[in-house]
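# Reading the structure
For reference, the chains in residue letters:
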Amino acid sequence: MFRARRDAPSAAAFTEAALQRLVTVYIVTGLVFLLLPGTFLGVWNLISISSRHTLGQLPPAWIQAHGHAQLFGWLGTFIIGIGFYSLSKMGATRPVAVRAGWTAWVLWSGGAALRWAANVSGWEWRTLLPLSAGLQLAGFLIFFATVSRHKRSGQAAVRVEPWMKLVIAATVSFLLALLANVGLAVHASLLGEGPAIGHELDQRFLFLSAWGFPVLAVWGFNARWAPVFLGLKEPRSGGLMSALVLECGGLAAALLGQFVWAAVLLLAAAPVAAAALRMGERAWKPAKTQGVSATFPYFVRGAYLWLGVAAVLGVWAALADAHGGLWGASRHALTVGFLATMVFAIGQRVLPAFCGMRVLYSKGLMLASLAVLNTGCLLRVAAEIPAYEWDTLAAWKLLPVSAVTELTAVTLFAVNLLVTLWLPPPRPAVTVGWRPQASGAPAA
Ligand code: HEM
């Protein structure tokens, strides 16, 4: 009798397991957006641009379809999924959170998919553009309300640590980006001649959606976990808050159309954040690399070099871009070099545990995905400026190579995670009663 009661899964355990299934679906959805609407279309675009030797002839709606799929379809879906997972660590998880998670998933991923389809096909875009933006906003608001309500009911007053402030800032800038997205979609639908957002407005929007929530989320996540995973000392709070203020100043300047000021402020923010996180300092205890490639700390630290490159190129672009090459190089140093490297490194470290205490399928694939991604990004950033800006023939020939290299890296990353999620999790050696499999932080 007693034993039966101990072995029966509790309602809370069922809810936690359901949250893990939910997060797994968010991660798989993000990977699908990354692979096809995101990277495959990006490669197609780059090959078309390289064959015509100009960016100008490619439909802006296709470029924006790619950018939106990567920033919102991939990174946004990962962030929301991980946000829902964090509920399982706040205790007292309620089934309502799981239902909210599924509703948010339907609205969010449906909205992102509709946006991509409207941009690429041009079908009924005057209706689909605002509809997709509204669905994405509705999905995000459900997520936002669930996470904040859960915190209020589940916890007494908690000191708001610097990493939490960064995560809150990331969430607010995510919301602002989605509100701006609704405004831009309605504007294009009423006044535009096609599904693309006008160039000037799109530039401002891109600052908010590339330098805003994804960068702040990475800094917040790094501030929380770098001491654990990389063995670094605790981050400097003052430095983190200075980086946050500079970053917000840069985003505000960009929204006002002051791109030089924006770029200068973002250039100031990047090294301040890296120094505050101690990315250039020696580790004071061993990094936790069990189950993943031992090179993982180098890629996390190296990503901050890409952040610096993106910021320097951003200033150059704001001062001198003539054909989109400097902006493109800066943007991809940020999105591929910094953000994708970070997600490939940390994602393969933590997501298997978040999705049901699994073990990463292959350390070798992890290293290959990171090494190939960084090689592709180097080729891309180095070739884009001479090709687009100075029409250098050798650089035009290199760009398709960089595209296929990056596609290879993305495929290796996606395959490694998908196989990890497909295989059953290893059984625990001893089972006493029933325990949720991944309720805590990922083990060493
Ligand atoms: C992996 C291989 C990738 C390829 C081949 C690629 C290709 C391209 C191309 C050709 C453009 C048009 C402008 C330009 O030439 O610079 C572009 C724009 C863009 N890409 Fe990528 N990209 C890749 C990865 C990514 C990733 C990982 C992200 C974000 C996480 C991203 C975000 C963007 C954004 C935001 C734009 C601007 C969209 C706009 O103008 O509205 N790209 N990309």
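You'll find the structure just up there.
Presented here is a report on the structure given in the accompanying data block.

Here we come to the overall build of the chain. For the chain, the count of helices and strands is 13 helices and zero strands. Counting helices and strands in the order they occur from the N terminus, the chain gives α-α-α-α-α-α-α-α-α-α-α-α-α. For the chain, the C-alpha radius of gyration of 22 Å lies close to 22 Å, the compact-globule estimate for 444 residues. Taking the principal axes of its C-alpha atoms as reference, the chain extends roughly 75 × 50 × 40 Å. The 444 residues of the chain split such that 52% are buried. A sequence separation of at least 24 residues applies to 84% of the contacts in the chain between residues at least 6 apart. With an accessible surface of roughly 19,000 Å², the chain has 69% of that area assigned to carbon and sulfur atoms. In the chain, which carries 32 positive and 15 negative side-chain charges, the distance between the mean positions of the two groups comes to 17 Å.

With that out of the way, let us pick up the site of the ligand. Surrounding the ligand, one finds 25 residues, the nearest of these being His-66, Asp-202, His-332, Glu-384 and Tyr-388. Here Tyr-388 contributes a side-chain N or O atom positioned 2.5 Å from an oxygen atom of the ligand. Of all elements in the fold, only helix 2 (11-52), helix 3 (60-87), helix 7 (199-229), helix 11 (325-354) and helix 12 (363-390) reach the threshold of two or more residues within the shell around the ligand. Looking at the shell around the ligand element by element, the count peaks at seven residues for helix 3.

Bringing the nonpolar core into the picture now. By size, the foremost hydrophobic cluster in this structure holds 117 residues, and its most contacted members are Trp-211, Trp-219, Tyr-304 and Phe-338. Looking at this core, the element that brings in the most residues is helix 11, giving 17 residues. For Trp-211, the contacting residues outside a window of four places in its chain are Leu-206, Glu-247, Leu-251, Leu-266, Leu-307, Ala-310, Ala-311 and Leu-334. By size, the runner-up hydrophobic cluster in this structure holds twelve residues, among which are Val-43, Leu-58, Ala-395 and Leu-399.

Where nonpolar side chains cluster on the molecular surface, the patch consists of Val-160, Ile-168, Val-172, Leu-176 and Leu-179 and spans about 400 Å² of accessible area. The residue Leu-176 is located in helix 6 (residues 162-191) in this model.

Between side chains of opposite charge, a pair can form when the charged atoms approach closely. Here the structure, examined in full by the defined rule, presents five salt bridges. As a salt-bridge pair, Arg-204 and Glu-200 come within 3.1 Å of each other at their nearest N and O atoms. With Arg-204 and Glu-200 both in helix 7, this residue pair falls four residues apart, about one helical turn. For Arg-204, a relative accessible area of 24% puts it in the partly exposed group. Its salt-bridge partner being Glu-281, residue Arg-278 comes within 3.1 Å of it at the nearest N-O pair. Given the relative accessible area of 13%, Arg-278 is considered buried. For Glu-281, a relative accessible area of 27% translates into the label partly exposed.

This model, assessed by the stated rule, comprises 23 aromatic pairs. Judged by centre distance (6.0 Å) and plane angle (5°), the rings of Phe-72 and Phe-205 are stacked. With a gap of 133 residues between them, Phe-72 in helix 3 and Phe-205 in helix 7 connect regions that are remote in the sequence. With a relative accessible area of 1%, Phe-72 lands in the buried category. When the ring of Phe-221 is compared with that of Trp-225, the centres are 6.5 Å apart and the planes differ by 45°; the resulting orientation is tilted. Here Phe-221 pairs with Trp-225, and both are found in helix 7, just four residues apart, close to one helical turn. The class of Phe-221 is partly exposed, set by a relative accessible area of 21%.

The rules we used
Residues numbered from 1 in each chain as written. Predicted model: local features only at pLDDT ≥ 70, side-chain atom pairs only at ≥ 80, totals over all residues. Heavy atoms only, no water. Helix = DSSP H or I, 4+ residues; strand = E, 2+ residues; numbered from the N terminus. Rg over C-alpha atoms; globule rule 2.2 N^0.38 Å. Buried < 20%, exposed > 50% of the residue type's maximum accessible area, 1.4 Å probe, protein only. Contact = heavy atoms within 4.5 Å. Areas by Shrake-Rupley, 256 points an atom, 1.4 Å probe, with all protein chains shown as cover. Lys, Arg positive; Asp, Glu negative; His and termini not counted. Charge placed at Lys NZ, Arg CZ, Asp CG, Glu CD. Near = heavy atom within 4 Å. Polar contact = N/O pair within 3.5 Å; in protein donor to acceptor, adjacent residues only side chain to side chain. Core = buried A, V, L, I, M, F, W, Y, C linked by side-chain atoms within 4.5 Å. Patch = residues over 30% accessible without salt bridge, like charges linked within 9 Å, V, L, I, M, F, W, Y side chains within 5 Å. Salt bridge = Lys/Arg side-chain N within 4 Å of Asp/Glu carboxyl O. Phe/Tyr/Trp six-rings, centres within 6.5 Å; stacked < 30°, edge-to-face > 60°.

None of this, on its own, says anything about what the molecule does.
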